[in-house]
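Tertiary structure, described
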Amino acid sequence: MKKIIYTLAIFAFTIASCTKDFEELNTNINEPVAVQPNLLLRQVIYDFGENMSYEGFVAGDLLAQHRTALDFNLFDRHALKSPQLGGNPWEIFYTNLRDNEIIIKQAQETTAYAVYEGPALILKAYMAAGLTDLFGDVPYFEAFNGIDGTVTPAYDLQEDIYLSENGILDNLDKGITAINAYTSSIALEGDILFNGDLESWVKFANSLKIKYLIRISDKVDVATQLQTIFTEGNYIKSNTENAIFDFTNTEPNSFRLSQLRIGDFNNFVLSETMEEILTELNDTRIATMFRPFSNSTSNEFNGLINGIDASSTSIALADYSLAGTIFREDSSTLDANFMTAWETSFLLAEAALKGFISADAETLYNSGVTQAFEYWNTTLPTDYLTVNANFNDTSKSSLEQIITQKWIASVINGYEGWIEYRRTGFPALKDISASLNDGLIPVRMPYPAEEASLNSENYQVADAATDGNSLNVKVWWNN
């Protein structure tokens, strides 16, 4: 009997000990359940910038007609529901918005992390704008927080995502306020955009405000807000202030097209649309962004019409211009681009042209062109702004010139070029050779197929609002 009692006592003690240490013993130290905000911030900036640079090259540039694809080109033929080498950025947005939401929560709940609140709110606004500008109405207010919230969030109207509390413009204001109110000496770490310089984040936020106010200017009176930002002058004005990070020439931080097999890289060539525009302007950036085609006898460039039927069209690669060496052999001169001085200057030039701000549109346009050439490491020809790209060229409207120059400089940020085309109609894009969208240029990205199964009830509402997830239903600011 005593032996039984002793045995039970030992068993009970063992169980108690195991229970006491159970959580510690069963925690994998190599898979932490909590991540420091500096590591998350670095991860969000790099992951989003690297992935969207790749997406911008292999999908966005096709939609913008900067380049075209020779094969695996259903996306180039506007079958956007059948992404191949790229063209499905939905997961990129939601993964990084989710991780960024963790940073915001940490910053708001832990005093030692307060410095991260402003930058994280600004990043949330930036990524949310990119998401809704591509897709239209998307899950937003209930999204990004599945652990504490719902994994089946409702789709929100784009108008609300832009204008409501905790929406894009509100988060930019709150981000600036949080930075200006920050008085602690704890530094912002993990910041590969600005190396912890909080004032640079404020300039970034103000440039983004200019961008998004212009984007919705056909729907909302934005003049007073734009004039205030312009008068205060605290936005990105020079390329030294750009919101970018540099790629390298070595893995894992080189541009992804540098790492993939040569066949993937050679699948993308100069678009006929891009070639004609650059050639008409005698624009020397063509030699930076592209290469003379192999069969050329005098360093000529040749573009291919977008959207060929690869199954019935014979194409010789040597007859068309590949992407420039910056996209493969020397990607250390290439940036992941979030916001730049040249984009800000072009936005302000448009604002001045439309009377939203009191400024000279030509001066701002000239600044944008000069900054764009500098950004692309190309010498600006002395007569470019007086002859080829003269702002007073009577053959083109001033708005067309502004948007066309922005479109040229947006190579690798091709989704931006396509968005601006949708908003303004400039530059004039060509008909697709073998369109799979009834000859129409899409005006939105389709929701991914998995939404119909993973978020079925809410998806049905969005599907109905877009005429069956159609590519041809305009988003709010464009409707």
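A few points on the structure. (Residues numbered from 1 in each chain as written. Predicted model: local features only at pLDDT ≥ 70, side-chain atom pairs only at ≥ 80, totals over all residues. Heavy atoms only, no water.)

Looking now at the overall build of the protein chain. Looking only at helices and strands, the protein chain features 19 helices and six strands. Relative to its length of 479 residues, the protein chain is compact, with a C-alpha radius of gyration of 25 Å against a globular reference of 23 Å. Overall, the protein chain is about 105 × 55 × 45 Å in size when its C-alpha atoms are taken along their principal axes. For the protein chain, the computed accessible surface area is about 21000 Å², with 51% contributed by carbon and sulfur atoms. Once the 30 positive and 64 negative side-chain charges of the protein chain are each reduced to a mean point, those two points are 4 Å apart. (Helix = DSSP H or I, 4+ residues; strand = E, 2+ residues; numbered from the N terminus. Rg over C-alpha atoms; globule rule 2.2 N^0.38 Å. Areas by Shrake-Rupley, 256 points an atom, 1.4 Å probe, with all protein chains shown as cover. Lys, Arg positive; Asp, Glu negative; His and termini not counted. Charge placed at Lys NZ, Arg CZ, Asp CG, Glu CD.)

A separate point is the pattern of salt bridges. If the charged atoms of two oppositely charged side chains come close together, the side chains can form a pair. For the structure on display, the rule yields 24 salt bridges. The partner of D309 in a salt bridge is R77, with the nearest N and O atoms 3.7 Å apart. Pair noted here: D309 is in the loop between α12 (286-289) and β6 (335-339) and R77 is in the loop between β1 (67-69) and α3 (90-109), with a separation of 232 residues, a long-range link. Between K174 and D170 there is a salt bridge, with the nearest N and O atoms lying 3.0 Å from each other. (Salt bridge = Lys/Arg side-chain N within 4 Å of Asp/Glu carboxyl O.)

On inspection of all chains with the given rule, the structure shows 33 aromatic pairs. One cation-aromatic arrangement involves R67 over F57; the distance from NZ or CZ to the ring centre is 3.8 Å. The ring of F327 has R67 lying over it, and the distance from NZ or CZ to the ring centre is 5.1 Å. (Phe/Tyr/Trp six-rings, centres within 6.5 Å; stacked < 30°, edge-to-face > 60°. Lys NZ or Arg CZ within 6 Å of the ring centre and 35° of its normal.)

Before going further, it helps to examine empty space enclosed by the protein. A full pass over the atoms with the stated rule returns three cavities of 30 Å³ or more. In this structure, the largest cavity spans a volume of roughly 280 Å³. In terms of lining, the largest cavity is formed by 22 residues, of which the most central are F48, M52, Y126, N413 and E416. Listing elements by their share of the lining of the largest cavity, those giving two or more residues are α2 (37-63), α4 (117-135), α7 (198-215), β6 and α17 (414-424). The element contributing the most residues to the lining of the largest cavity is α4, with five residues. In this structure, the second largest cavity occupies an estimated 80 Å³ of space. Lining the second largest cavity, in full, are K211, R215, N337, W342, E343, L347, K406, S410, N413, E416, G417 and E420. (1 Å grid on protein atoms, 1.4 Å probe; cavity = no way out; pocket = protein on both sides within 12 Å on 5 of 7 lines; lining within 4 Å. Points joined across faces, edges and corners; volume = space filled by probe spheres on them.)

In this structure, the amide linkage connecting E251 to the following residue, P252, adopts the cis form with an omega of 10°. Considering the arrangement of structural elements, one finds P252 in the loop between β4 (243-246) and α9 (256-259). For the bond running from F426 to P427, omega is -15°, close enough to zero to count as cis. You can see P427 is positioned in the loop between α17 and α18 (450-454). You will see that N282, though not glycine, has its phi angle at about 50°, which is positive. Along the chain, the position of N282 falls in the loop between α11 (272-280) and α12.

Take it as geometry only, folks, not as evidence of what the structure does.
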